[in-house]
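Close look at the chain arrangement
One letter stands for each residue in the lines below.
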2 protein chains.
Amino acid sequence: MEEKKIPYKIYLKEDEIPRQWYNVRADMKKKPAPLVDPDTMKPITLDKLSQVFCRELAEQELDDTTPYIDIPEELIDFYKMYRPAPLVRAYCLEKELGTPAKIYYKFEGNNTSGSHKLNSAIAQAYYAKQQGLKGVTTETGAGQWGTALSMACSYFGLDCKVFMVKVSYEQKPHRREVMRTYGASVTPSPSMTTEVGRKIFEEHPGTGGSLGCAISEAVEAAMTSGGEYRYVLGSVLNQVLLHQTIIGLETKAALDKYGVKPDIIIGCAGGGSNLGGLISPFVGEMLRGEADYRIIAVEPASCPSLTRGKYVYDFCDTGKICPMAKMYTLGSGFIPSSSHAGGLRYHGMSSTLSELYDQGLMEARSVEQTSVFAAAVQFARVEGILPAPESSHAIRVAIDEAMKCKKTGEEKTIVFGLTGTGYFDMFAYERFNNGQMSDYIPTDEEIAKFAATLPEQPEL
Amino acid sequence: MEEKKIPYKIYLKEDEIPRQWYNVRADMKKKPAPLVDPDTMKPITLDKLSQVFCRELAEQELDDTTPYIDIPEELIDFYKMYRPAPLVRAYCLEKELGTPAKIYYKFEGNNTSGSHKLNSAIAQAYYAKQQGLKGVTTETGAGQWGTALSMACSYFGLDCKVFMVKVSYEQKPHRREVMRTYGASVTPSPSMTTEVGRKIFEEHPGTGGSLGCAISEAVEAAMTSGGEYRYVLGSVLNQVLLHQTIIGLETKAALDKYGVKPDIIIGCAGGGSNLGGLISPFVGEMLRGEADYRIIAVEPASCPSLTRGKYVYDFCDTGKICPMAKMYTLGSGFIPSSSHAGGLRYHGMSSTLSELYDQGLMEARSVEQTSVFAAAVQFARVEGILPAPESSHAIRVAIDEAMKCKKTGEEKTIVFGLTGTGYFDMFAYERFNNGQMSDYIPTDEEIAKFAATLPEQPEL
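A quick note: this is a predicted structure, and the numbers were derived from the prediction, not measured.

Residue and element names in this part refer to chain B. Two elements in contact, helix α5 (residues 117-130) and helix α11 (residues 238-257), have axes separated by 8 Å at closest approach and are oriented at 125°. By the angle between their axes, α5 is oblique relative to α11. Seen from above, α5 lies across α11 with right-handed handedness. Where α5 approaches α11, its residues K117, N119, S120, A123, Q124 and Y127 are matched on the opposing element by Q239, V240, H243, Q244, I246 and I247. A class-by-class count of the residues in the contact of α5 with α11 yields 5 nonpolar, 6 polar and 1 charged.

With that settled, the discussion passes to the sheet that holds strand β9 (residues 159-165) of chain B. Residues and elements named next belong to chain B. The strand order across the open sheet built from 4 strands is β10-β9-β8-β11, with neighbouring strands paired in parallel fashion. The open sheet has two free edges, formed respectively by β10 (185-189) and β11 (229-231), since each of these has just one partner strand. Pairs of neighbouring strands in the sheet enclose a mean axial angle of 25°, with direction left out of account. Sheet contacts for helix α6 (residues 144-156): β8 (135-140) and β9; angle to β8, the most-contacted strand, approximately 165°.

Between chain B and chain A, the contact holds 42 residues from the first and 42 residues from the second. Between chain B and chain A, roughly 4000 Å² of surface is buried when both sides are summed, and carbon and sulfur atoms account for 54% of that area. It is T181, R381 and Y423 of chain B that lose the most area in chain B upon contact with chain A, and together they represent 17% of the buried surface on that side. Summed over the shared surface of chain B and chain A, the result is 2 salt bridges. Close ionic contact of R176 of chain A with E430 of chain B constitutes a salt bridge, the shortest N to O distance being 2.8 Å. Counting the contacts that link chain B with chain A gives 29 residue pairs in polar contact (both at pLDDT 80 or more). Broken down by secondary-structure element, the contributors of at least two residues to the side of chain B that touches chain A are α6, α8 (173-181), α15 (369-383) and α17 (426-433) of chain B.

In this arrangement, two copies of a chain are superimposed by a rotation about an axis accompanied by a shift along the axis. When chain B is fitted to chain A, the best match, at an RMSD of 0.0 Å, comes from turning it 180° and sliding it 0.0 Å along the axis. Classification of the inter-copy transformation places it as that of a two-fold axis. Of the C-alpha atoms belonging to chain B, the one lying closest to the rotation axis is found on N110 of chain B, 3.1 Å away. Here 100% of the contact residues of chain B are again contact residues in chain A; the copies associate through an equivalent surface.

Residues and elements named next belong to chain A. Taking burial as the measure, the 6 residues of strand β7 (residues 102-107) include 6 buried ones, the bulk of the element. Direction of pairing for strand β6 (residues 87-89) relative to β7: antiparallel, over a ladder of 3 bridges. Its bridge partner being in β7, R89 is matched across the sheet by Y104. By the bridge criterion, 6 bridges tie β7 to strand β17 (residues 413-418) in an arrangement that is parallel. Within β17, the residue paired with Y105 across the bridge is F416.

Taken as a whole and assessed by the stated rule, the structure comprises 38 aromatic pairs over all chains. With 5.6 Å between their ring centres and 25° between their planes, Y423 of chain A and Y423 of chain B make a pair best called stacked. Of this pair, Y423 of chain A sits in the loop between β17 and α17 (426-433) while Y423 of chain B sits in the loop between β17 (413-418) and α17, placing the two residues on different chains. Exposure remark for Y423 of chain B: the relative accessible area of 9% places this residue in the buried category. Arranged with centres 5.9 Å apart and planes meeting at 75°, the rings of F78 of chain B and Y82 of chain B form a pair that is edge-to-face. A relative accessible area of 2% means that F78 of chain B is categorised as buried. An aromatic cluster is built from F78, Y79, Y82, Y126, Y127, Y155 and F156 of chain A, whose rings are joined through pairwise contacts. Lying across the ring of Y169 of chain A, R176 of chain A places its NZ or CZ 4.7 Å from the centre.

Conventions adopted
- Residues numbered from 1 in each chain as written.
- Chains lettered and ligands numbered in written order.
- Predicted model: local features only at pLDDT ≥ 70, side-chain atom pairs only at ≥ 80, totals over all residues.
- Heavy atoms only, no water.
- Axes fitted to C-alpha atoms, helices over the stretch in contact; angles between N-to-C directions.
- Helix = DSSP H or I, 4+ residues; strand = E, 2+ residues; numbered from the N terminus.
- Parallel < 35°, antiparallel > 145°, perpendicular 65-115°, else oblique.
- Left-handed = near helix turned anticlockwise from the far one by under 90°.
- Contact = heavy atoms within 4.5 Å.
- Nonpolar A, V, L, I, M, F, W, Y, C, P; charged D, E, K, R; others polar.
- Pairing = 2+ DSSP bridges.
- Buried area = accessible area lost by both parts, 1.4 Å probe.
- Salt bridge = Lys/Arg side-chain N within 4 Å of Asp/Glu carboxyl O.
- Polar contact = N/O pair within 3.5 Å; in protein donor to acceptor, adjacent residues only side chain to side chain.
- Least-squares fit on C-alpha atoms with pLDDT ≥ 70 in both.
- Buried < 20%, exposed > 50% of the residue type's maximum accessible area, 1.4 Å probe, protein only.
- Phe/Tyr/Trp six-rings, centres within 6.5 Å; stacked < 30°, edge-to-face > 60°.
- Lys NZ or Arg CZ within 6 Å of the ring centre and 35° of its normal.

Put into structure tokens, the structure is as follows:
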């Protein structure tokens, strides 16, 4: 049977942008474990959560029964500036590999933030604006999330305070300038503008900062703003996965248009925002018994939360300020080796994805970074897009699966998420190009050391 | 009369990618002056030109009678990876400005080279491959053209030798690494690999290099390759403008689809590759008496070839190796002030565009760089794309024209070319964000000094 001629890029029309996000938790019989308030060790209340997040976002965070949630019209207008994102048929990669597999990727890099992060940044900025806030605070490491949030705040006229890990602030001046160009104030962390920053400066005068410290400063800046600011996060949370389902919904709509049913769906996984967004609609079908897919989460071997972590309650942030979540985690003190260049450094995994993994609805695979960059370069040279190191984890496994098909002759359909571009990651590429990149896999002792720091578990 | 609802982004379908380039010279009654061989001071012959360029490209260079030239099928396949490029209706910018004008921009930045340069790079690589060459050589300053050529050569399995101005090689390591990732060899110029490089090193031991020197090295590397390499250029030439007409043809097709007729068409102009490509199909209509448009070329006040240059024969390269062209020029020794950050540094202008300008079919305007960056930031914040400094020259004038409409109440339709993204130009943005950017306009004496170095004119 001849398949319908598939173009290189499938673009949905503007009026086919999804009008509702899909909340996969509504279709889960066994729900993800609730967020826990570290003060009471009980499930967190909406009121308590609303002190940290905007009210509407706190509601989305806790809602595990409503399957579809309307996307506000103002957000649709913004989405129209860079969405629908193309679903690309990787004809050139298929040819390069000589595989009978059919490879597709959903490309989220065609916007100035360079990644899918903008999908949730704009939603969070919108609800902050609706609530009458003056602005939001956040932390950023490499700068991808900070950039997305800066763009979103600029659009809605919100103030945006970004605490950027000092060493990144100095080593990645370009990302910093993109944020400043969008009107954000970018402060190297630790800074003298917060109590926690001053304290860390006193204790560690020459420190280059850490994500944990930047989070603490961002939270303090919001909490001491007299209610004018809230703190926002770019991954891990249920609300973020919800916003990111626009990726999966568009992917499914584009595939349906051509009558294509994927066999394997692959995504990179740090905190889980992209993977969760990509797979939710497909997992929904699985949960409702309508279809079956193989779903593969790909994580770095140097930060292997799903493949080597424990499924327990842990703190979401190194500063232990945010609510606790049950998730696959390496321990909130875990930091990947300094040789790690590929992103996806988060110590835990979204509690929704963790639960899906625990229920056997998803596989996980860890890959080493030199093989990830090799896949990135192979992909870039034939598909014309220089991928982000994070995204390249998914490329690696997509290529591996396509090569298996070459051996077996199977014409499987593989879909993967290409979360973004690597234009601000050229130092990492340089290390790879110069043969200076090495792999690092934590020893069992190291994994055990951090696992030993896991907090006392709530009794629910 | 209600206009047809225009989406934010007009995407043509893949099978609507133009199958032929349009050669505007065929419709010009008075043709652009021919290229002149500096050895004979007579129009250059095809055979002579074929020693520098691939045969097919040399033919395209000299052909001023064939209106449409087929785009090879292999190129169409490559174009499908990143084309058709969107024509964007700038709804958000219109709202920000409060103008009754309708603003559209053709966005060429959605590919890893970050600009329209890829349109011609891939064509030149294709013909080099067809001719059985081993590779090509070129020079690059900031790296935009070098990146595009690296991608194109990688796709066709050609070797790519890029001579990159030493100071840029050191100050822009990111662009350099993108090229290396695509398999190009990138040599800082001057280098010890060529005779001319060694000579310059002897004379100026600490030099940071110049575009003129890099061109000379690239040409020498091609000429001493035993015929295995040719030298290629990214702008100015008729062949390049021809390949870039895919921009204008797509723009016109997208506008026609919605029955939109532009009043003003605006493009930035360095050597003229983007502007020529954008306006050719529209100028064709003007030449055939079918329509009338206002066309505006925008150049930097610090490098004002159209607005302050002379229309005479000059060398196309600082090294005086390439054929001479009649064009608006400031003199081949002209170099913009070191404070100039906005690209478009070429001393002359495509001879086709020069002739159109001389015939009054096109206006020219020069703008100062601080106003260009102000327009860039204003645009970025509402349209979500961080523009290249070069492209922002067109944004500046598009905004100016839209603000005139606001005063007069005219609902003019403005189309401009957004040639690319500014992700590798953050140092320039940083200077602007920090208020450290200044304007520089050459004095009449400086202009006269370089004009005095113009070569003896051929008698044709």
